[in-house]
There are 4 protein chains.
Amino acid sequence: MSNSFGTLFRITTFGESHGGGLGVVIDGCPAGMAFPHQRVAAQLARRRPGQGKLTSARREPDAYEVVSGLEPETDRTLGTSLTLLFRNKDARSRSYNELQQAYRPSHADYTYDARYGLRAVSGGGRASARETVARVAAGALAEQLLWEQAGIEIVAWVDDVAGIAASVDPEAVTREAVDRAPVRCPDEKVVQAMTSAIEAARRDGDTVGGIVRCVARGVPAGWGAPVFGKLTAELAGALMSLPASRGFEIGEGYDSRHMRGSQHNDPFRLDANKNVYTTKNHSGGIQGGISNGATLRMSVAFKPVATIFKPQDTVTRDGREVTYTAKGRHDPCVLPRAVPMVEAMVSLVLCDHMLRAQTARQQWLRHYGDTPA
Amino acid sequence: MSNSFGTLFRITTFGESHGGGLGVVIDGCPAGMAFPHQRVAAQLARRRPGQGKLTSARREPDAYEVVSGLEPETDRTLGTSLTLLFRNKDARSRSYNELQQAYRPSHADYTYDARYGLRAVSGGGRASARETVARVAAGALAEQLLWEQAGIEIVAWVDDVAGIAASVDPEAVTREAVDRAPVRCPDEKVVQAMTSAIEAARRDGDTVGGIVRCVARGVPAGWGAPVFGKLTAELAGALMSLPASRGFEIGEGYDSRHMRGSQHNDPFRLDANKNVYTTKNHSGGIQGGISNGATLRMSVAFKPVATIFKPQDTVTRDGREVTYTAKGRHDPCVLPRAVPMVEAMVSLVLCDHMLRAQTARQQWLRHYGDTPA
Amino acid sequence: MSNSFGTLFRITTFGESHGGGLGVVIDGCPAGMAFPHQRVAAQLARRRPGQGKLTSARREPDAYEVVSGLEPETDRTLGTSLTLLFRNKDARSRSYNELQQAYRPSHADYTYDARYGLRAVSGGGRASARETVARVAAGALAEQLLWEQAGIEIVAWVDDVAGIAASVDPEAVTREAVDRAPVRCPDEKVVQAMTSAIEAARRDGDTVGGIVRCVARGVPAGWGAPVFGKLTAELAGALMSLPASRGFEIGEGYDSRHMRGSQHNDPFRLDANKNVYTTKNHSGGIQGGISNGATLRMSVAFKPVATIFKPQDTVTRDGREVTYTAKGRHDPCVLPRAVPMVEAMVSLVLCDHMLRAQTARQQWLRHYGDTPA
Amino acid sequence: MSNSFGTLFRITTFGESHGGGLGVVIDGCPAGMAFPHQRVAAQLARRRPGQGKLTSARREPDAYEVVSGLEPETDRTLGTSLTLLFRNKDARSRSYNELQQAYRPSHADYTYDARYGLRAVSGGGRASARETVARVAAGALAEQLLWEQAGIEIVAWVDDVAGIAASVDPEAVTREAVDRAPVRCPDEKVVQAMTSAIEAARRDGDTVGGIVRCVARGVPAGWGAPVFGKLTAELAGALMSLPASRGFEIGEGYDSRHMRGSQHNDPFRLDANKNVYTTKNHSGGIQGGISNGATLRMSVAFKPVATIFKPQDTVTRDGREVTYTAKGRHDPCVLPRAVPMVEAMVSLVLCDHMLRAQTARQQWLRHYGDTPA
């Protein structure tokens, strides 16, 4: 069950990085929708390795087949589950002795072995970051629904690389601005420094981490659920399931400890149409786990990825201490490619809650015949 | 379904702060276990309001009734679901005009109204922090199982108040050390400063936030699940469901951006018994979402709580802009009472994964007849 | 998790027959609804033991407390989870030697012992039929929603006792007609024979079984879900979770084997308003797991209950073969009391699918702007 | 979520009959297991159309690809989710006017349209019986685990066709005996009559129904769960999710109404090794929803399938009354092919409960250090 995510908009991902392929089964998409190939392709392109000097040289076209859920003649959704399949094209066969193979430090090799008694030695198995291709595709579909049905815009960007911090207006930032530089930071003043830090790490055979920040604009008040279904909890769980994620914040996050309640609280006012709004947004758009109509603001910290080209101490499966040095392709910094992954996970959570809120809304209307004041 | 948490060790909480009471249904506790009244009472006492000057004056004895799941004559668990019921003793009836009532800034009043079209005006409803009494009790049971069956110790402490940071050894800290000062910080050097910061906030009718840090020692390698069931994801979701939580970190968290991969990676070595261990623990005990045998290290940021005794701008349900000033009881700082809440949520996640790992283990043994190298 | 049922309208029952009490947590009830105390009380009264000579002499008033989910001043639902608690009033303490106690034949004593290593010797534990009190109360709430929001009527009746079969018009039968005789069979021609069969069994210290039939009138076309969420599957699972249930049928059920496809198929026609209907209803209102607008027709077979007052061969927990003779109170026939239980389970399934259909409907309207032809 | 089934052994099926293909994601299979290609192929062959005169002429080789979950070099399971993909080979493109197309009587055409506002006009969509290919493959895997780990044998057979009833010994029947005749009935005395009934229906362009009976031998006492997780409930839900199923029985089923409790109850005795057994098995191996060690006995009623070659009254999507006559391929009787489908669903339920019981068992052993008496 740990391969499924969501309640009404629900995905199940499958597959490994080196095998027949990866994919995703998507439940909860309405019938009659044109499949948003363009949006899916665009987000997959942003996630793809081999985009430039900053990312891995592995090249996978990320072409997908819609195995189920579309009426062939019209390319429209049937309302039943959609299945997308991505073939693995660039898998290289390796010969090795499983028992002798070294556990790569800070990868999932040892922990998968501890859990399963064996592991996918021909690749990262389910722990491979390639699994996120399935999430990004499903997230693009969710994003399309959020846009069509509620006018919601979701934008993520690289906000920090190796401690070099950007300054970005969460109300104004666009994907176009984000994509202007390969590092996917819309603050032109730090793009060069960030890029240099990544290239320096690459030259050293090393890696760097950082922060991706994300906003969702246009989420109406009233999405979310009490207790364990809080938006805060589900966004945190969604984002901390991404590879290399190490931290999550909503609103002011860790910085809120430097504020007093009187500074942090967001006063309510009425606009010209008597609609409620907050004059500040320290809450990051969520109060008591439910959206308040303000922009959702969150961040995710990513560690420097584990694959480095320096010798490291480790042990083998058959109990020998060895020195291990990685070979092949790698990303010196995962952040630029993590941007669409973050957008995807946020979209999946919000789309699920949009459907959950529709049920609640429909019921409310039956009983009250009108919307709340 | 947002009231339930966990897969094999699964809780469903119920109730509001002002009504018949609160409680929890607990599934997955083995049969024949002596109910750990002492441990439950101890953790409830640490969560309880009215422990001293630092916390709310509200007094609830937090006595619970075990409504189901125990054999009366022996007080032993039946293996079927346990139900604990806490009565609300200190609820005060209020007379008010619902439509005129002001939305308290940065509380869940407005968002619940937006979701449900009405709200529990006689208290915080399901958004009340009193709901955590049910989690703390269930968490104590989980903690007991983790201790009995795997020797696991879970210790949380206040690591930062209003920016005043402690320095604590995660391998050595004990609950006794944590409880030495009412602020629940085991670093004696900062206890006075933290306490003063809280008391200053109280004098000002204001509030402060901070950080609770938590460790789980003794978790064996191999707990956790791939993709969405990663320990990282489930711990994040669990902890970010706590009231006033604003951020989550595992291992180095946001600070990992200041490290390179070569610094952050944890080398593997073999001990005298040929068991695998890491010589550092920047990973916080989790790699690829699965435990690696090292101590689990995480933190949660809490904002300054929303109830302050200063006038604030807000609006009423019937569309008027007003000034609101809170009355009654409140906590100037939620951190000391959050310590057992954090321990409870971590215990619930780990106990669930202990059971999930037992299933996997059992199957592994059938096929291999032995444990992994 | 086996204590929960449903997806959007979801209940979790708790408690044993001999202990603090039983209850149910109900999720998915809309906010602002007046709690239907009258309907709940009416169905509980029909389930209650001690209604007459035909049922058990045990007397439980079945008074419940609404522990959570209601605004006290208005008695209206908050939209968050409702909790109902039933106290056990008539529990009798027993002294016994657990190890020596005999396994009652065809009860759950031995199987619970095999699963848990112990069992609730002071009563039936979770296997007690008293657990259904929680389902009947929750079902009455579901029934109220189905009536208010969709005009659906659910009526069950005793259709067979000990092989004595009734003949009842599924389109016309009412609860009033059902309740005219204590045996809850609306066919006056067989009431006397059924009653005599039950009384004869009682005189002999024995028991009889039979069939409860149920209809749901007014279910619109389009409720249900593909594959494992078929109405057929969920109704079967719901009804076969009732104590003593042994069989389930939809539509013609087992008799459909005596028909050819050309007889069994239900032709479609259009009424004066161009609405689709079927000229027959052998399908029992469900095609492909989804409702077709016709009356839902189903039945449940109940075995003769296991508690009899004759000596029976059995064994004890400590491994001795003994003769066991039941003492105390019992029902010679569970059928009359099973009628509200069947109605409750059908209501829970349909209410859940009403909410699931509302979500689908809402989405459909967004895309098509109109209802299907 | 209606595409998923099971808790610890959990499948998610996907795909339609006419499109890219169908498949299944399987969670809960242990690591290190050799993939049972032979058993899977054998069960798929028994489900396959085109086996002879009794079944449909459609020919699909039912070759599958294991897309994920196997280590390529060893063909052993990784412990993470397995994905099987079946391509649709025999799909025929059709040109039609969707709005004019007639709703086939007693198919899912109209109900899917009512639910989704459109339907998979190029085939049965998710309602197609071809979806069961995914279940049969997953069921064969479950069956393999049940056999390897617990020595359990599952055998189903055609017990009734068009009212012609077989007489079969549930303790002795084998798959070999079942497969001796194409009609899959092991009672030689009725094979000819059953076959003639099916062929007569075919000649008439009509169809017949019947009963499949199934046993599971070797299930130990103690599998199953209380309340909604009863084996009875989960088996009923599983089997009533099969296309054309109309009824379910456990043990004596509907016939139990002809017995008194004193006849129906199963006495307990001890064998030479002091193990508990029942001297009869009217309970069908389940008491209180949990297995008692006796053979599980159940049946499923199947209606005559809806595709007939006679003219039928129906309506079109655009609101005209028409006469519809089916063309193409069809099964005059689904029963022989339903045999492996029934075995698959029973295997899926039992395998899930085997894993759930392992968790409970493991815990029990921790506390008691021994098995129950």
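Residues numbered from 1 in each chain as written. Chains lettered and ligands numbered in written order. Predicted model: local features only at pLDDT ≥ 70, side-chain atom pairs only at ≥ 80, totals over all residues. Heavy atoms only, no water.

## Focus: the overall build of chain A
Line of reasoning, step 1. Of the regular secondary structure elements, chain A holds eight helices and 18 strands.
Line of reasoning, step 2. Counting every position in chain A, which comprises 373 residues, the buried fraction comes to 70%.
Line of reasoning, step 3. Here the analysis covers contacts within chain A between residues at least 6 apart in sequence; of these, 69% occur between residues at least 24 apart.
Line of reasoning, step 4. Of the roughly 11500 Å² of accessible surface on chain A, a fraction of 48% belongs to carbon and sulfur atoms. (Helix = DSSP H or I, 4+ residues; strand = E, 2+ residues; numbered from the N terminus. Buried < 20%, exposed > 50% of the residue type's maximum accessible area, 1.4 Å probe, protein only. Contact = heavy atoms within 4.5 Å. Areas by Shrake-Rupley, 256 points an atom, 1.4 Å probe, with all protein chains shown as cover.)

## Notes on the confidence of the model for chain A
Line of reasoning, step 1. Confidence along chain A averages 90 in pLDDT terms, with 89% of residues attaining 70 or more.
Line of reasoning, step 2. Taken over the whole predicted complex, pTM reads 0.95, whereas the ipTM for its chain interfaces reads 0.95. (pLDDT = per-residue confidence, 0-100.)

## Focus: the pairing of strand β3 (residues 21–27) of chain C
Residues and elements named next belong to chain C.
Line of reasoning, step 1. With seven of its seven residues buried, β3 lies for the most part within the structure.
Line of reasoning, step 2. Two elements, β3 and strand β7 (residues 82–87), share six bridges in a ladder whose sense is antiparallel. Pairing of Ile 26 across the sheet is with Leu 82, part of β7. (Pairing = 2+ DSSP bridges.)

## Notes on the pattern of salt bridges
Line of reasoning, step 1. Taken as a whole, this structure holds 88 salt bridges over all chains when the rule is applied.
Line of reasoning, step 2. Here B:Arg260 ties to A:Asp204 by a salt bridge, and the two come within 2.5 Å at their closest N and O atoms. Of this pair, B:Arg260 sits in the loop between β11 (245–250) and α7 (261–264) while A:Asp204 sits in the loop between α5 (188–203) and β10 (210–217), on two different chains.
Line of reasoning, step 3. Using a relative accessible area of 37% as the deciding quantity, one classes A:Asp204 as partly exposed.
Line of reasoning, step 4. A salt bridge links A:Asp318 to A:Arg320, with the nearest nitrogen and oxygen atoms 3.5 Å apart.
Line of reasoning, step 5. Taking relative accessible area as the criterion, A:Asp318 reaches 35% and is therefore assigned partly exposed.
Line of reasoning, step 6. The structure contains a network of salt bridges with shared partners spanning A:Arg39, A:Arg46, A:Glu143, A:Arg175, A:Asp179, A:Arg184 and A:Glu343. (Salt bridge = Lys/Arg side-chain N within 4 Å of Asp/Glu carboxyl O.)

## Some points on the state of the cysteines
Residue and element names in this part refer to chain B.
Line of reasoning, step 1. Under the defined criterion, the tally for this structure stands at zero disulfides over all chains.
Line of reasoning, step 2. With no disulfide of its own, Cys 333 has Cys 185 as its nearest cysteine by sulfur position, at a separation of 11 Å.
Line of reasoning, step 3. Owing to a relative accessible area of 0%, Cys 333 belongs among the buried residues under this scheme. (Disulfide = S-S within 2.5 Å.)

## Some thoughts on the relation of the copies chain D and chain C
Line of reasoning, step 1. When chain D is fitted to chain C, the best match, at an RMSD of 0.0 Å, comes from turning it 180 degrees and sliding it 0.0 Å along the axis. This pairing of chains is accounted for by a two-fold axis. When C-alpha positions in chain D are compared against the rotation axis, the closest is assigned to D:Gly237, at 2.1 Å. (Least-squares fit on C-alpha atoms with pLDDT ≥ 70 in both.)

## Regarding the environment of A:Ala127
Residues and elements named next belong to chain A.
Line of reasoning, step 1. Summarising the element assignment, Ala 127 is placed in the loop between α2 (109–116) and α3 (132–150).
Line of reasoning, step 2. A sequence separation of 115 residues divides Ala 127 from Leu 242, and the C-alpha atoms of the two residues are 9.9 Å apart.
Line of reasoning, step 3. Non-local contacts of Ala 127, meaning those with residues more than four positions away in its chain, are made with Ala 108 and Tyr 112.

## A look at the environment of A:Ala142
All names here are of chain A.
Line of reasoning, step 1. Mapped onto the secondary structure, Ala 142 falls in helix α3.
Line of reasoning, step 2. Classification of Ala 142 as buried rests on a relative accessible area of 0%.
Line of reasoning, step 3. Sequence separation between Ala 142 and Asp 187 is 45 residues, and the spatial gap between their C-alpha atoms is 28 Å.
Line of reasoning, step 4. Other than its neighbours up to four places away in sequence, Ala 142 contacts Phe 9, Ser 347, Leu 348 and Cys 351.

## Considering the interface of chain B and chain A
Line of reasoning, step 1. Taken together, the contact pairs 116 residues of chain B with 115 residues of chain A.
Line of reasoning, step 2. Summed over both partners, the interface of chain B with chain A comes to about 9100 Å²; 57% of that surface belongs to carbon and sulfur atoms.
Line of reasoning, step 3. Applying the counting rule to chain B against chain A returns six salt bridges.
Line of reasoning, step 4. Linking A:Arg269 and B:Glu321 is a salt bridge whose minimum nitrogen-to-oxygen distance equals 3.4 Å.
Line of reasoning, step 5. Put simply, chain B and chain A have 47 residue pairs in polar contact (both at pLDDT 80 or more) between them.
Line of reasoning, step 6. Per-element tally for the side of chain B that touches chain A: the top contributor is helix α2 (residues 109–116) of chain B, with seven residues. (Buried area = accessible area lost by both parts, 1.4 Å probe. Polar contact = N/O pair within 3.5 Å; in protein donor to acceptor, adjacent residues only side chain to side chain.)

## Some points on the sheet that holds β7(C)
All names here are of chain C.
Line of reasoning, step 1. Taking strand neighbours across the sheet as the criterion, the five strands line up as β1-β2-β3-β7-β4 in an open arrangement whose pairing is antiparallel. Looking at the sheet topology across the chains shown, the edges are occupied by β1 (4–5) and β4 (64–68).
Line of reasoning, step 2. Strand direction decides the pairing type here: β4 and β7, joined by four bridges, are antiparallel. Across the sheet, the residue bridging to Tyr 64 is Phe 86, located in β7.

## So, the packing of helix α1 (residues 37–47) of chain C against helix α3 (residues 132–150) of chain C
All names here are of chain C.
Line of reasoning, step 1. Where α1 contacts α3, the two axes come as close as 9 Å, and the packing angle between them is 140 degrees. With respect to α3, the axis of α1 lies oblique. Seen along the crossing, α1 lies across α3 with a hand that is right-handed. Where α1 abuts α3, its residues Arg 39, Val 40, Gln 43, Leu 44 and Arg 47 lie against Thr 132, Val 133, Val 136, Ala 137, Ala 140, Glu 143, Gln 144 and Trp 147. (Axes fitted to C-alpha atoms, helices over the stretch in contact; angles between N-to-C directions. Parallel < 35°, antiparallel > 145°, perpendicular 65-115°, else oblique. Left-handed = near helix turned anticlockwise from the far one by under 90°.)

## What about the environment of C:Ala165?
Residues and elements named next belong to chain C.
Line of reasoning, step 1. Relative to the elements of secondary structure, Ala 165 occurs in strand β9 (residues 164–165).
Line of reasoning, step 2. C-alpha of Ala 165 to C-alpha of Ala 193: the two residues are 28 residues apart in sequence and 9.7 Å apart in space.
Line of reasoning, step 3. Other than its neighbours up to four places away in sequence, Ala 165 contacts Asp 159, Asp 160 and Val 190.

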